[in-house]
Amino acid sequence: MNLPGSAMTPKPFSPEEIQKILGSLQRPAVFLNITCDWPVLLWTVDHLSRCLGGKAVRFRMGRRQHEKKTPLFETQCSYVEAKLEEFQSWTEGQTGAEDVGCFSNYPLSLYWAYADYKYIALLLQEKPSMFEDVVWSQFGFPGRNGRDSTLWIGTEGANTPCHLDSYGYNLVLQVQGRKRWHLFPPADTSCLYPSRIPYEESSVFSQVDVLQPDLQRFPAFRHARAYTVTLQPGQVLFVPRHWWHYVESVDPITVSVNSWIELEVDDEARVGEALTKAIVCALKTTPSNDNDDDWLNPTEEGLVGHDENMQYLNLAVGACMEKRGLTSHRDQQTQDTPACPRAKRDSRGQAKNTNSSSPPAECLSSSSTPSTMPFGPHLIPVAWNQITNQEPPEQNPKNQDRPSPSRDCDIIRSSSITQNTPPRPVSGSRAQHQHGGEGMSSSGSASDPLVLPQPGCRDGGRPPPRDRDQGKGDRAHCPVSITTNDLLQCLVHPEVIARVSELLMERVQSGTATTP
């Protein structure tokens, strides 16, 4: 099926060429002129409404004006079940219950609506032929179609809180309307104050409202590097693994389709996710005075007991160890090249550099060097917004008295938008290891303590050293109240989880794990 104007239009890249590009891209980029003949571009809300008939869809309702400088998490939203026909009438300004159903309780001027994360395989299970409308095979994924994708339908203002996805990378096709993406590289994780509350498997949320940041509470965010792009219909956005992203709809109605592409390193990420789930559920299900918040994201289907969470963790570790064993076996069978020692990886799945005088423990060859990206009219790198996240002058009248920023986010910035790798932290500094997710010195010494940004520190890094002569009397003026969530922010911080995951697998591999 060819869309109007798309017949016989040559594609700028073949599926094989796109696979090579995706294998080398290390920053977000937009593909153009690939999807011009994809039938999914006809999936407007009007078209989907006719296809679904009277089938109800769950919408998340969010207030357009919420408490400033705090993210609007899904646990703070309302939810309605409605037909797409009712949704469309509501966006056109109709208000009667007979026309808009449950939307009649939500004035369009005060609320936005978002039918997010809808599995197409479930939504269109009565119309499986529509799966073929999504042609991911043209990106080099034979057989991948709508069955392996999700659908997102929203109004202007609908948004997804800033987060990173634990698994794979993301391909996003814009179908109707426009969406603005704000992306941040994995190296800036400490500047985004990661949190697992609310808890959702495979999602790490930021505590920062990236559009209206509270720089008094989250000072390191001023050093986060934002890459922004407004995605147009027909364009496909590539979101690399572990890139943070905040997404907002900018047109009255938006429709998009995405697919997460799995990677081999996801086996290690599953260990971290299983470990996180076991810790979060163990602490948050324990009765206490401060465990009265809505900590479980509505996307989670429910809770299971600790025994089942531990079983999940054991399965994840076992699968990862088996994969490592198979990889080692293949390396040993290779006769033409020296065996390549398997590199430890950080929370971003990137190889750790355990020797400051040598490259990461990966086999380096000319074939492993990323090829030059064919950036141009058909592949555009997402631009880095060099406007820093500084406080307005009236909010920060004494900049000269402010402590200097933490080296956790001390960045060498580059103005080039065509380079393949984003600017990196200062070489040789603690920031290089902090952002890399290592939590160890360049020599790999466990005696070098992990340093995490502390919310109470104005510079986002180490707290100022206490005078040795300060007595206990001073502490009375600085009461401490550590909550369960405060404890969790440290225990399940991505850097900590990555290290504990490695320790668990080392324990299993050495045979020192406790047997039941």
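Residues numbered from 1 in each chain as written. Predicted model: local features only at pLDDT ≥ 70, side-chain atom pairs only at ≥ 80, totals over all residues. Heavy atoms only, no water.

1. Observations regarding the pairing of strand β6 (residues 159-165)
Okay, step 1: Across the seven residues of β6, seven count as buried, placing the element largely inside the fold.
Okay, step 2: Across three bridges, β6 lies against strand β13 (residues 244-249) in antiparallel orientation. Paired with N159 across the bridge in β13 is E248.
Okay, step 3: Two strands pair when backbone bridges link them, and β6 and strand β10 (residues 203-206) are joined in this way by three bridges, in the antiparallel orientation. Directly across from H163, in β10, lies its bridge partner F205. (Buried < 20%, exposed > 50% of the residue type's maximum accessible area, 1.4 Å probe, protein only. Helix = DSSP H or I, 4+ residues; strand = E, 2+ residues; numbered from the N terminus. Pairing = 2+ DSSP bridges.)

2. Some points on the confidence of the model for the chain
Okay, step 1: The share of residues in the chain with pLDDT of 70 or more is 71%, and the mean pLDDT across the chain is 80.
Okay, step 2: Under a pLDDT of 50 for its full length, residues 334-370 has, in the predicted model, 66 contacts with residues more than four places off or in other chains.
Okay, step 3: Note on residues 392-464: pLDDT is under 50 here. Beyond four places in sequence and across chains, it has 158 contacts. (pLDDT = per-residue confidence, 0-100. Contact = heavy atoms within 4.5 Å.)

3. Focus on unusual backbone geometry
Okay, step 1: Residue I197 is joined to P198 through a cis peptide bond whose omega torsion reads 5°.
Okay, step 2: With respect to the secondary-structure elements, P198 resides in strand β9 (residues 194-200).
Okay, step 3: Within the chain, Y117 stands out as a residue other than glycine whose phi angle is a positive 60°.
Okay, step 4: Considering the arrangement of structural elements, one finds Y117 in strand β4 (residues 111-119).

4. Topic: the side chain of S501
Okay, step 1: Position of S501 among the secondary structure elements: in helix α11 (residues 494-510).
Okay, step 2: Only 2.8 Å separates the side chain of S501 from the backbone oxygen of I497, close enough to count as a polar contact.
Okay, step 3: Beyond its immediate chain neighbours, meaning those up to four positions away, S501 contacts V271, G272 and L275. (Polar contact = N/O pair within 3.5 Å; in protein donor to acceptor, adjacent residues only side chain to side chain.)

5. A closer look at the pattern of salt bridges
Okay, step 1: Summed over all chains, the structure comprises 17 salt bridges.
Okay, step 2: Of the charged contacts in the structure, one is a salt bridge between D37 and K11, with a shortest N-O distance of 3.0 Å. On the criterion of sequence distance, the pair formed by D37 in the loop between β1 (29-31) and α2 (45-52) and K11 in the segment before α1 (15-24) is long-range, its members being 26 residues apart.
Okay, step 3: On the accessibility criterion, D37 (18% relative accessible area) is buried.
Okay, step 4: K323 is paired through a salt bridge with D267; the nearest N and O atoms lie 2.6 Å apart. With K323 in helix α7 (residues 306-333) and D267 in helix α6 (residues 266-284), this residue pair connects regions lying 56 residues apart in the sequence.
Okay, step 5: Its relative accessible area of 15% is what places D267 among the buried residues.
Okay, step 6: Each member of the salt-bridge network shares a partner with another, and the members are E262, D267, R270 and K323. (Salt bridge = Lys/Arg side-chain N within 4 Å of Asp/Glu carboxyl O.)

6. Concerning the sheet that holds strand β3 (residues 78-83)
Okay, step 1: Taken in spatial order, the nine strands of this open sheet run β3-β2-β4-β5-β14-β7-β12-β1-β15, and their pairing is antiparallel. Looking at which strands have only one partner, the edges of the open sheet turn out to be β3 and β15 (379-381). The sheet shows a mean angle of 25° between the axes of neighbouring strands, taken without regard to direction.
Okay, step 2: Looking at chain direction, strand β7 (residues 169-176) and strand β14 (residues 253-261) are connected through seven bridges and run antiparallel. Bridging across to β14, Y169 finds its partner in I261.
Okay, step 3: Docked against the sheet, α1 engages β1, β7, β12 (236-239) and β15, running at close to 170° with respect to β1. (Axes fitted to C-alpha atoms, helices over the stretch in contact; angles between N-to-C directions.)

7. Here we look at the environment of N314
Okay, step 1: With respect to the secondary-structure elements, N314 resides in helix α7.
Okay, step 2: Overall, the relative accessible area of 54% leaves N314 in the exposed class.
Okay, step 3: Between the C-alpha atom of N314 and that of L275, which follows or precedes it by 39 residues, the distance is 9.4 Å.
Okay, step 4: Only 2.8 Å separates the side chain of N314 from the backbone oxygen of M310, close enough to count as a polar contact.

8. Structural notes on the nonpolar core
Okay, step 1: Counting 54 residues, the largest nonpolar core has F31, W43, F59, F103, F139 and L171 as the members making the most contacts within it.
Okay, step 2: If we ignore the near neighbours within four places in the chain, the residues touching W43 are L48, I120, L124, M130, D133, V134, L151, V175, V255 and V257. (Core = buried A, V, L, I, M, F, W, Y, C linked by side-chain atoms within 4.5 Å.)

9. Regarding the packing of aromatic side chains
Okay, step 1: Tallied over the full model, the rule gives 19 aromatic pairs.
Okay, step 2: Relative to F218, the ring of Y193 has its centre 4.8 Å away and its plane inclined at 55°; by these criteria the two rings are tilted. A residue pair is termed long-range when its members are at least 10 positions apart, and Y193 in the loop between β8 (179-184) and β9 and F218 in the loop between β10 and β11 (226-231) qualify at 25 residues. Both residues of the pair, Y193 and F218, count as buried.
Okay, step 3: Taken together, F13, F31, W38, W136 and F139 form an aromatic cluster joined through their ring pairs.
Okay, step 4: Over the ring of Y167 we find R270, and its NZ or CZ is 5.2 Å from the ring centre. (Phe/Tyr/Trp six-rings, centres within 6.5 Å; stacked < 30°, edge-to-face > 60°. Lys NZ or Arg CZ within 6 Å of the ring centre and 35° of its normal.)

10. Here we look at the environment of S288
Okay, step 1: Considering the arrangement of structural elements, one finds S288 in the loop between α6 and α7.
Okay, step 2: Taking the C-alpha atoms as reference points, S288 and T483, 195 residues apart in sequence, are found 9.9 Å from one another.
Okay, step 3: In terms of polar contacts, S288 uses its side chain to reach the side chain of D290, at 2.9 Å.

11. Considering helix α3 (residues 84-91)
Okay, step 1: Of all eight residues in α3, seven are buried, a share of seventy percent or more.
Okay, step 2: Along α3, the residues classified as buried are L84, E86, F87, Q88, S89, W90 and T91.
Okay, step 3: A positive phi of about 100° marks G93, the residue just after α3.

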